[in-house]
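# Structural features, examined
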2 protein chains.
Amino acid sequence: MAEMQAYVVSVFVASGLSEIDGRTMAASLVEADLRGTHSHGVIRLPFLVNRLLDGGAKRQPDIRVVNEAPGTALLDGDRALGAITATRAMDLAIEKARAQGIGFVTARNSDFIGTCAHYAMKALPHDMIGIAWTNGFPGMAPWGGRSNTIGNNPIAFAAPSLSHGPIVLDMALSVAAGGRIRLAAKNGEKIPHDWLVDSDGQPTDDPQALAAGGALLPLGYKGYGLAVFGEILCGVLTGSRILGEIPAWFKDTGSAIGNGHLHIAIDIARFVEPEAFKLRMDGLVSLLKATPLMPEVREILLPGERAWRTQQQQEKDGIAVPAPVAADLLALALRLGVTAPASFHSSSFDCTP
Amino acid sequence: MAEMQAYVVSVFVASGLSEIDGRTMAASLVEADLRGTHSHGVIRLPFLVNRLLDGGAKRQPDIRVVNEAPGTALLDGDRALGAITATRAMDLAIEKARAQGIGFVTARNSDFIGTCAHYAMKALPHDMIGIAWTNGFPGMAPWGGRSNTIGNNPIAFAAPSLSHGPIVLDMALSVAAGGRIRLAAKNGEKIPHDWLVDSDGQPTDDPQALAAGGALLPLGYKGYGLAVFGEILCGVLTGSRILGEIPAWFKDTGSAIGNGHLHIAIDIARFVEPEAFKLRMDGLVSLLKATPLMPEVREILLPGERAWRTQQQQEKDGIAVPAPVAADLLALALRLGVTAPASFHSSSFDCTP
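Residues numbered from 1 in each chain as written. Chains lettered and ligands numbered in written order. Predicted model: local features only at pLDDT ≥ 70, side-chain atom pairs only at ≥ 80, totals over all residues. Heavy atoms only, no water.

## Observations concerning the interface of chain A and chain B
This is how it is decided: Between two residues, a contact is recorded if the distance between any of their heavy atoms is within 4.5 Å. Throughout, the accessible surface (probe 1.4 Å) given up by two parts as they are put together, summed over both, is called the buried area. Salt bridges are counted wherever a side-chain nitrogen of Lys or Arg sits within 4 Å of a carboxyl oxygen of Asp or Glu. Two N or O atoms form a polar contact when they lie within 3.5 Å of each other; inside protein one atom must be a possible hydrogen donor and the other a possible acceptor, and for residues adjacent in sequence the pair counts only when both atoms belong to side chains. Only DSSP runs of H or I covering at least 4 residues are called helices, and only runs of E covering at least 2 are called strands; the numbering of each starts at the N terminus.
Contact with chain A, which involves 80 residues of that partner, is made by 80 residues of chain B. Here chain A packs against chain B, burying approximately 6600 Å² in sum over the two surfaces, 73% of which is carbon and sulfur. The tally of links between chain A and chain B comes to two salt bridges. In this structure, arginine 280 of chain A engages glutamate 245 of chain B in a salt bridge whose closest nitrogen and oxygen atoms are separated by 2.7 Å. Remark: the boundary between chain A and chain B carries 24 residue pairs in polar contact (both at pLDDT 80 or more). Of all the elements, helix H8 (residues 220–236) of chain A adds the most residues to the side of chain A that touches chain B, at 10 residues.

Structure below.
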């Protein structure tokens with residue numbers, strides 16, 4: 001894992017980032033892989049590098065606080081890669097929470113931030129609860145609409161337990177992720193009827209309908225409503241771009257993204273004693289797991305429980321990088337003149353820790 | 001509307017509340033009716049009175065701050081009716097937001113608070129964004145479970161616009177409300193297959209299955225995950241009861257409820273200029289409404305848009321109280337020796353303003 005991290009840092013440094021910003025980017029990507037969220041892990045590296053090389057994101061950004069109160073701040077990301085600004089914002093939220101009980105820090109003029117869970121979880125070692133929310137390019141239909149005119153605006157919450165690992169919810173507000181639909185299209189599979197409408201607004205089980213002008217459906221009118229408040233809190237409140245103003249970060253690598261995000265830290269000790277909180281969290285887990293099960297269900301899972309198991313496994317066994325991704329990363333290393341982990345060359349898919 | 005409000009206050013005073021607490025309760029109930037959320041309006045009055053008369057809720061509570069930081073507080077509700085504690089908590093959150101940019105105030109030892117929207121909307125006249133969240137008796141299955149062991153834990157967000165009224169999302173985390181299923185059972189109607197499972201955990205379109213030991217389904221695993229964080233932020237963080245520890249407020253009128261809730265106010269001026277914010281909100285509304293429509297859909301609605309139209313209509317025409325509810329409220333007036341609005345006696349269903 002250290003080798004993988006070093007590789008990612010060297011890729012970003014070779015693309016013009018400072019060493020410290022490169023480390024921040026690497027932490028965000030490698031943690032996503034470590035927790036099994038491979039869609040947001042090193043697979044994104046070539047796209048992020050293109051953002052730096054094509055000028056959509058700045059290599060030497062000057063991130064600064066543009067508005068501040070004791071419990072809040074608004075940062076200007078100066079077009080840094082999103083994880084750099086988001087990490088700065090979350091760290092500031094934690095600092096504010098230590099003094100005020102809560103920190104609520106937003107950012108504008110930003111970029112794609114990766115998994116929201118990464119920032120929410122930064123609160124945990126401080127005995128705090130963390131929340132992160134971002135808006136993004138319009139990849140979902142509003143309730144009643146048939147084209148993608150609102151972001152799926154993911155949100156994450158993280159809270160510590162005593163013996164069950166971190167409880168972490170990280171979710172987009174569409175029924176299914178666009179990536180899953182594109183994968184089904186590639187594999188010639190059908191999809192459930194409630195994921196997608198075609199360009200006429202008719203429900204379809206054909207994943208090809210997305211590329212043909214279809215739209216991803218929101219998680220009911222409630223998911224749509226939450227996405228609207230994602231736009232309000234991350235976009236309108238921060239003076240950022242919203243809805244269709246936001247380009248797709250992985251496609252328009254030469255354009256500024258200009259989205260916004262929100263980071264909240266809540267200091268548990270200002271409410272209840274943190275050890276009592278964590279013990280009570282274990283009680284919450286036990287009570288939920290005692291629920292009688294649906295047929296064929298083996299266990300009630302808590303949010304983030306599967307990711308926590310994957311993390312523990314991969315910390316021991318190394319992160320599994322699929323062969324095509326390893327090949328892409330090897331090509332990227334050659335292009336930038338940096339050293340790739342030895343495992344990328346081997347036929348093994350594992351990058352040992 | 002003033003006559004209705006006066007009637008509700010006199011009912012609460014006759015049940016032992018102070019005049020000021022009676023007014024707080026009336027504001028919460030009448031606003032719910034005014035916005036068309038009749039399920040949470042004066043229809044609840046007899047149950048709330050029973051809570052006071054049967055001793056589940058205290059008539060002369062001593063609500064106090066038990067833990068505080070500059071941006072946060074934890075209140076002990078001393079078993080007051082929930083709307084009283086929630087109003088106190090939201091007012092304190094607004095006060096803190098004015099000084100710190102954000103106020104985050106929680107409460108324990110509380111009771112049913114009515115619509116969350118009522119508290120979130122209290123932030124609006126202060127040019128603030130409001131959020132309210134509560135846990136409650138277990139009326140929903142966790143993801144993969146087949147009995148009601150978690151609350152549907154409603155959450156509300158409110159933000160101001162310039163010319164579209166308040167944008168307000170108020171939602172429980174189940175697919176459908178229990179009340180709608182009980183109504184379908186009463187009317188002998190079928191329900192969609194994704195609302196309910198029977199006591200064996202099988203999907204069913206028979207609303208009778210709920211009373212026969214079935215369970216309400218959460219809004220997917222995402223709705224379940226949000227409900228878990230409702231328990232964490234409103235229950236675990238406040239030292240309140242959680243999950244199955246919480247009795248049903250409308251049934252166990254002699255028992256303390258002991259749930260918790262959360263109130264957040266965000267001062268817009270600490271981020272962007274409030275008038276610019278509201279203008280930009282109008283832009284958000286216009287962009288969303290310009291989305292091409294699904295077949296048979298006439299308009300993209302914003303969260304709370306229908307409630308806002310109902311409110312404007314009823315402010316002119318008076319609140320429509322259905323005849324059976326008026327009859328119940330008349331009986332309650334007789335029982336407590338207070339004067340009921342004249343319209344309760346008439347055959348008209350309207351209570352003029």
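## Overview of unusual backbone geometry
Filter applied, for reference: Note on exposure labels: buried denotes an accessible area under 20% of the residue type's maximum, exposed denotes more than 50%, and partly exposed covers the range between, all computed with a 1.4 Å probe on protein chains only.
Positive phi outside glycine occurs at leucine 243 of chain A, with the angle close to 45 degrees. Along the chain, leucine 243 of chain A turns up in the loop between H8 and strand E9 (259–267). What makes leucine 243 of chain A buried here is its relative accessible area of 1%. Of note in the backbone geometry, aspartate 127 of chain B takes a positive phi value of approximately 55 degrees without being a glycine. For aspartate 127 of chain B, the position within the fold is in the loop between helix H5 (116–120) and strand E4 (128–134). Residue class for aspartate 127 of chain B comes out partly exposed when judged on its relative accessible area of 21%.

## Examining the sheet that holds strand E5 (residues 155–159) of chain B
The strands making up a sheet associate through backbone hydrogen bonding, with each pair oriented either parallel or antiparallel. Residue and element names in this part refer to chain B. For clarity, the cut-off: For two strands to be treated as a pair, DSSP must find at least two bridges joining them. As a rule, the C-alpha atoms of each element are fitted with a line to give its axis, helices using only the stretch in contact, and angles between N-to-C directions run from 0 to 180 degrees.
Pairing within the open sheet is mixed, and its seven strands lie in the order E1-E2-E3-E9-E4-E5-E6. On the outer flanks of this sheet lie strand E1 (64–69) and strand E6 (167–171), each paired with one strand and no other. Within the sheet, the average angular offset between the axes of one strand and its neighbour, ignoring direction, is 10 degrees. As paired strands, E1 and strand E2 (residues 72–76) are joined by five bridges and run antiparallel to one another. What sits directly across from alanine 69, in E2, is threonine 72. Sitting on the sheet, helix H4 (residues 82–100) is in contact with E1, E2, strand E3 (102–110), E4 and strand E9 (259–267), with an inclination near 30 degrees to E9. Packed on one face of the sheet, helix H8 (residues 220–236) meets E3, E4 and E9 and runs near 95 degrees to E4.

## What about the packing of helix H1 (residues 2–14) of chain B against helix H3 (residues 45–54) of chain B?
Residue and element names in this part refer to chain B. Worth spelling out the cut-off: Oblique is the label for every angle not falling under 35 degrees (roughly parallel), over 145 degrees (roughly antiparallel), or within 65 to 115 degrees (roughly perpendicular). The crossing is said to be left-handed when, going from far helix to near helix, the turn is anticlockwise and less than a right angle, and right-handed when the turn is clockwise. Classes in brief: Ala, Val, Leu, Ile, Met, Phe, Trp, Tyr, Cys and Pro nonpolar; Asp, Glu, Lys and Arg charged; the others, Gly included, polar.
At their nearest, the axes of H1 and H3 sit 10 Å apart, and the two run at 20 degrees to each other. When the axes of H1 and H3 are compared, the pair comes out roughly parallel. In the crossing of H1 with H3, the sense of the turn from one axis to the other is right-handed. Contact residues: Tyr7, Val8, Val11 and Phe12 in H1; Leu45, Leu48, Val49 and Leu52 in H3. Per-class residue counts for the contact of H1 with H3 are eight nonpolar, no polar and no charged.

## Considering the domain arrangement of chain A
Residues and elements named next belong to chain A. So the rule is basically this: For the purposes of this description, domain bounds are those given by an automatic or database domain assignment.
As assigned here, chain A comprises domain 1 (1–54 + 302–353) and domain 2 (61–174 + 218–270). Here the C-alpha centre of domain 2 lies 22 Å away from the C-alpha centre of domain 1. Facing 23 residues of domain 1, the contacting portion of domain 2 comprises 27 residues. Scanning the region where domain 1 abuts domain 2 turns up one salt bridge. Arginine 51 is the partner of aspartate 111 in a salt bridge, and the nearest nitrogen-oxygen pair spans 2.9 Å. If you look at where domain 1 meets domain 2, you find eight residue pairs in polar contact (both at pLDDT 80 or more).

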